[in-house]
Amino acid sequence: MGDTVIDMACGTGLNFPLLQKAVGPGGGIVGVDLTDAMLARAQDRINANGWTNVSLVQADAAGFDFPAEVDAILSTYALPQVPECAEVIAHGTAALSAGGRWAVLDLKLPGSTPGWLTQLGTATVRPFASIDEWIMRRPWEAIRAAM
Ligand SMILES: C[S@@+](CC[C@H](N)C(=O)[O-])C[C@H]1O[C@@H](n2cnc3c(N)ncnc32)[C@H](O)[C@@H]1O
């Protein structure tokens, strides 16, 4: 309660209701995203809920200037899309207060699945998404290295 959290690449603000429960009215949420249409939806969500402790910033994660002494940074289903993913994590880590936390939720290839099935899955998705880059960027490893 009372913490300040950054939701990096917040999209439409789907995480905001849960973050509100965690930080309470005395805390704050900063939602950052590159895409104006996503932020417009996030602003609708803020307005609909009457939240006064959420601010939105349109920025590329790669160039975002993290405010100092942030208590937590969250990013869900977004960082592997950012080529400078490891740098973003390093910048965020430097801005965290003592005991601050970086949390990432994202997708990885399951280790227990047969290789042929994994290859079939990635080949199916490849025409529609930059799946190879997504697989290569493993933000949780960058967090482990940075912290
Ligand atoms: C799959 S959505 C996830 C949104 C949200 N985190 C969620 O879980 O609902 C990915 C988001 O990353 C944002 N994004 C992609 N590249 C970005 C970048 N370089 N800097 C900031 N945001 C970026 C997109 O605009 C999009 O809103």
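Our subject is the structure listed above.
What counts, and where the lines are drawn
- Residue numbers restart at each chain and count upward from 1, following the sequence in its written direction.
- In view of the model being predicted, local features appear only for residues whose pLDDT reaches at least 70, and side-chain atom pairs are presented and counted only at 80 or more, with totals across whole chains, interfaces and linings using the full set of residues.
- Side-chain measures were taken over the full set of non-hydrogen atoms in the model, leaving aside hydrogen atoms and water.
- Geometry of aromatic contacts follows a simple scheme: Phe, Tyr and Trp rings, the Trp one being its six-membered ring, pair when their centres are within 6.5 Å, and the pair is stacked under 30 degrees between planes, edge-to-face over 60, tilted otherwise.
- By definition, any uninterrupted DSSP run of H or I lasting at least four residues is a helix, any uninterrupted run of E lasting at least two residues is a strand, and each is numbered from the N terminus.
- Burial here depends on accessible area, computed with a 1.4 Å probe over protein chains only, as a share of the maximum for the residue type. Under 20% is buried, over 50% is exposed, and the range in between is partly exposed.
- For helices, the axis comes from a line fit to the C-alpha atoms of the stretch in contact; other axes are also lines fit to C-alpha atoms, and the angle between any two N-to-C directions lies between 0 and 180 degrees.
- Here is the rule for angles: anything less than 35 degrees is roughly parallel, anything more than 145 is roughly antiparallel, 65 through 115 is roughly perpendicular, and the remaining ranges are oblique.
- Crossing handedness is defined as follows: a turn of the near helix away from the far one that is anticlockwise and smaller than a right angle gives a left-handed crossing, while the clockwise case is right-handed.
- Contacts were defined at the residue level, with two residues in contact if any of their heavy atoms lie within 4.5 Å.
- The classification used treats Ala, Val, Leu, Ile, Met, Phe, Trp, Tyr, Cys and Pro as nonpolar, Asp, Glu, Lys and Arg as charged, and all other residues, Gly among them, as polar.

Remarks on the packing of aromatic side chains
And then number 1: With the rule as written, the count across this model stands at two aromatic pairs.
And then number 2: Relative to Trp51, the ring of Phe16 lies with its centre 6.4 Å away and its plane at 70°, an arrangement referred to as edge-to-face. Of this pair, Phe16 sits in helix 1 (residues 16-23) while Trp51 sits in the loop between helix 2 (36-49) and strand 3 (54-58); the two residues are 35 residues apart in sequence, bridging distant segments of the chain.
And then number 3: On the basis of relative accessible area, Trp51 is assigned to the buried category, the value being 17%.
And then number 4: On the numbers, 5.0 Å between centres and 75° between planes, the contact of Phe64 with Phe66 is edge-to-face.

Quick look at the packing of helix 3 (residues 85-95) against helix 6 (residues 139-146)
And then number 1: Where helix 3 contacts helix 6, the axes come no closer than 9 Å and their chain directions differ by 40°. The orientation of helix 3 with respect to helix 6, classified from their angle, is oblique. Crossing angle aside, the handedness with which helix 3 passes helix 6 is right-handed. Touching Cys85, Ala86, Ile89, Ala90 and Thr93 of helix 3 are Pro139, Ala142, Ile143 and Ala146, all from helix 6.
And then number 2: The residue inventory of the contact of helix 3 with helix 6, partitioned by class, reads eight nonpolar, one polar and no charged.

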